[in-house]
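Residues per chain are reported as follows:
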Amino acid sequence: MFSFFKKKSTAPAEAPIETPAAPPPDTETSASGGAMGWLRKSFGAAPADREAPADQEAPALPATTDSTPPTVALPTPKPEGERQGWMERLKSGLRKTGSSIATVFTGTQINDALYEELEDALLMADTGVKATQHLLDDLKRRVKDSKTTEPAAVKALLADALADLLKPLEKPLVIGEHQPTVIMVAGVNGAGKTTSIGKLTKHLADHGETVLLAAADTFRAAAREQLGVWATRNTVEIISQEGGDPAAVSFDAVTAGRARGKDVVLVDTAGRLPTQLHLMEELKKIRRVVTKAEASAPHEVLLVIDGNTGQNALTQVRTFDDALQLTGLIVTKLDGTAKGGVLAAIAQERPVPVYFIGVGEKVEDLETFNAREFAQALLA
Ligand SMILES: Nc1nc2c(ncn2[C@@H]2O[C@H](COP(=O)(O)OP(=O)(O)OP(=O)(O)O)[C@@H](O)[C@H]2O)c(=O)[nH]1
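The name recorded for the protein chain in an unreviewed UniProt entry is Signal recognition particle receptor FtsY, from Diaphorobacter limosus. Listed in UniProt under the heading Catalytic activity (unreviewed entry), the comment for the protein chain reads: "GTP + H2O = GDP + phosphate + H(+)".

> Describe the overall build of the protein chain, and please don't skip the residues or the numbers.
A tally of regular secondary structure across the protein chain gives 11 helices and 8 strands. Residue burial in the protein chain is summarised as follows: out of 380 residues, 49% are buried. Long-range contacts, defined as pairs at least 24 residues apart, comprise 83% of the intrachain contacts of the protein chain with a sequence gap of at least 6.

> Could you give me a rundown of the site of the ligand, with the residues and numbers involved?
If you check the shell around the ligand, you find 19 residues, and the closest are Gly192, Thr194, Thr195, Gly271 and Gly358. Looking at the shell around the ligand, the element that brings in the most residues is helix 5 (residues 193-206), giving 3 residues. Looking at side-chain class alone, the shell around the ligand contains 4 nonpolar, 10 polar and 5 charged residues.

> Could you give me a rundown of the UniProt feature "domain: SRP54-type proteins GTP-binding" (unreviewed entry) in the protein chain, with the residues and numbers involved?
UniProt's feature table lists "domain: SRP54-type proteins GTP-binding" (unreviewed entry) at residues 353-366, given in the numbering used throughout. As annotated, residues 353-366 comprises 0% helix and 43% strand, and the C-alpha atoms at either end are separated by 16 Å.

> Break down unusual backbone geometry for me, with residues and values.
Leaving glycine aside, a negative phi is the common case for residues, and trans is the common case for peptide bonds. The peptide bond linking Gln179 to Pro180 adopts the cis configuration, its omega dihedral lying at -5°. Along the chain, the position of Pro180 falls in the loop between helix 4 (151-166) and strand 1 (181-187). For the bond running from Ala297 to Pro298, omega is -5°, close enough to zero to count as cis. As for its position among the elements, Pro298 is in the loop between helix 8 (277-293) and strand 5 (300-306).

> Requested: an account of the packing of helix 3 (residues 129-146) against helix 10 (residues 342-349), with residues and values cited.
Remark: helix 3 packs on helix 10, axes separated minimally by 8 Å, with the N-to-C direction vectors making an angle of 90°. Here helix 10 runs roughly perpendicular to helix 3, going by the angle between their axes. Mapping the contact onto sequence places Lys130, Ala131, His134 and Leu135 in helix 3 and Ala344, Ala345, Ala347, Gln348 and Glu349 in helix 10.

> Describe the pairing of strand 1, with residues and values.
Counting buried residues along strand 1, 7 of its 7 residues qualify, which places the element largely inside the surrounding structure. Residues of strand 1 alternate between two faces, with Thr181, Ile183, Val185 and Gly187 on one and Val182, Met184 and Ala186 on the opposite face, all of them buried. Taken together, the 5 bridges between strand 1 and strand 4 (residues 264-268) define a ladder with parallel strand orientation. Residue pairing for strand 4: Thr181 is matched across the bridge by Val264. In terms of strand pairing, strand 1 meets strand 5 through 5 bridges, oriented parallel.

> Now, about the packing of helix 7 (residues 246-259) against helix 8: what can you tell me, with residues and values included?
Packing of helix 7 against helix 8 leaves a shortest axis separation of 8 Å and a crossing angle of 25°. Our classification of the angle between helix 7 and helix 8 gives roughly parallel. Helix 7 and helix 8 meet at a crossing whose hand is right-handed. Residues Pro246, Ala247, Ser250, Phe251, Val254 and Thr255 of helix 7 lie in contact with helix 8, whose contacting residues are Glu282, Lys285, Ile286, Val289, Val290, Lys292 and Ala293. Across the contact of helix 7 with helix 8, the residue classes tally to 8 nonpolar, 2 polar and 3 charged.

> Please provide a residue-by-residue account of the sheet that holds strand 7 (residues 354-358), values included.
Think of a sheet as strands paired side by side through backbone hydrogen bonds, with each pair either parallel or antiparallel. Sheet architecture is open: 8 strands sit in the order 3-2-4-1-5-6-7-8, paired in mixed fashion. Both edges of this open sheet fall to strand 3 (237-240) and strand 8 (366-368), since each of them pairs with a single strand only. The sheet shows a mean angle of 20° between the axes of neighbouring strands, direction not considered. Against the sheet, helix 5 makes contact with strand 1, strand 2 (211-215), strand 4, strand 5, strand 6 (328-332), strand 7 and strand 8, and its axis sits at roughly 165° relative to strand 4, the strand it touches most.

Cut-offs and rules
- Residues numbered from 1 in each chain as written.
- Predicted model: local features only at pLDDT ≥ 70, side-chain atom pairs only at ≥ 80, totals over all residues.
- UniProt positions renumbered as here; feature names shortened; annotations may be inferred.
- Helix = DSSP H or I, 4+ residues; strand = E, 2+ residues; numbered from the N terminus.
- Buried ≥ 20, exposed ≤ 12 C-beta atoms within 10 Å, placed from the backbone.
- Contact = placed C-beta atoms within 7 Å.
- Near = placed C-beta within 6 Å.
- Nonpolar A, V, L, I, M, F, W, Y, C, P; charged D, E, K, R; others polar.
- Axes fitted to C-alpha atoms, helices over the stretch in contact; angles between N-to-C directions.
- Parallel < 35°, antiparallel > 145°, perpendicular 65-115°, else oblique.
- Pairing = 2+ DSSP bridges.
- Left-handed = near helix turned anticlockwise from the far one by under 90°.

Next comes the structure, spelled out in structure tokens:
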């Protein structure tokens, strides 16, 4: 599945633990735990040029025993069979979105009717007015330049236009530039946060990463339990507390992650609607308090969006980005959705990088986002 890179020494696996109540967020704590093995790797290529928020510009945590610079490399090529398998799942997941677009190209002529039909199909796929207009203009230019006369060839040109539009969203998640890499995850209820964190944890753990999970949903027992299951399954530690302040749990987790030499701290937050202003304030507080625990953190602020929600997902990206200065997205549930065009809308209107896309509930159904693969799968 994901591509991981070079691994240095590994430490023995730790037993999963449930920690006691978190300390107050304003107090520096020294959590127990021995030093772990150090790893330096990345999910892929160098970061794209999205500006880091001002409060993320503090120097990186120097607490590392590893003199090797972080690996920032291109994704490891997947074995042929594995790659094929993913493309098949992606294609089948996107079939509902793609089929109505693909039907447009079954005629014999390239004329206004074709473009009108295409416009309708793109809008129906929740591509949004701006991205639809952009794609149509770009496509017409490509058709003219290439003197294309076959509708089937126009479909290939649309795939090119779509891949170019989506390209700025393609960015790998880099792990290893900080010790630990602190990743905060937010999203509306049921978007797939905990599942995506679980899948990420599994892949990180499978590749020898030491992970600490923070169950910052202190109110919903089921959410903590769900995260706890992933922690146990992957033999990683979890900081969990019933009731109390989610920011305090996050603070404790980051402090413990530093003290125990973890590679990654993943903070799972409670689901909330962007319209619930007090809960959005709570998220901002978690972010601030994480920075108190580690000046350079959070290194990633991810929003998980449900691909089924189409244009609503774009609204969520805007609002959460304004509140938290997002560094990346995970788009889930692209399987069976007729609204997969929303990625084009995001690329056009709020291009926050898409680190992963999900096309199912299984671990292998979450993969890194590749613009060309996505465009090809959509118009297959
Ligand atoms: N079909 C499909 N289902 C998914 C995908 N990702 C997650 N799910 C399912 O979506 C449901 C909600 O996922 P959770 O991970 O619990 O969502 P959450 O955002 O943590 O939810 P809250 O804790 O309530 O905010 C679960 O049944 C998941 O199995 C996906 O890519 N495709």
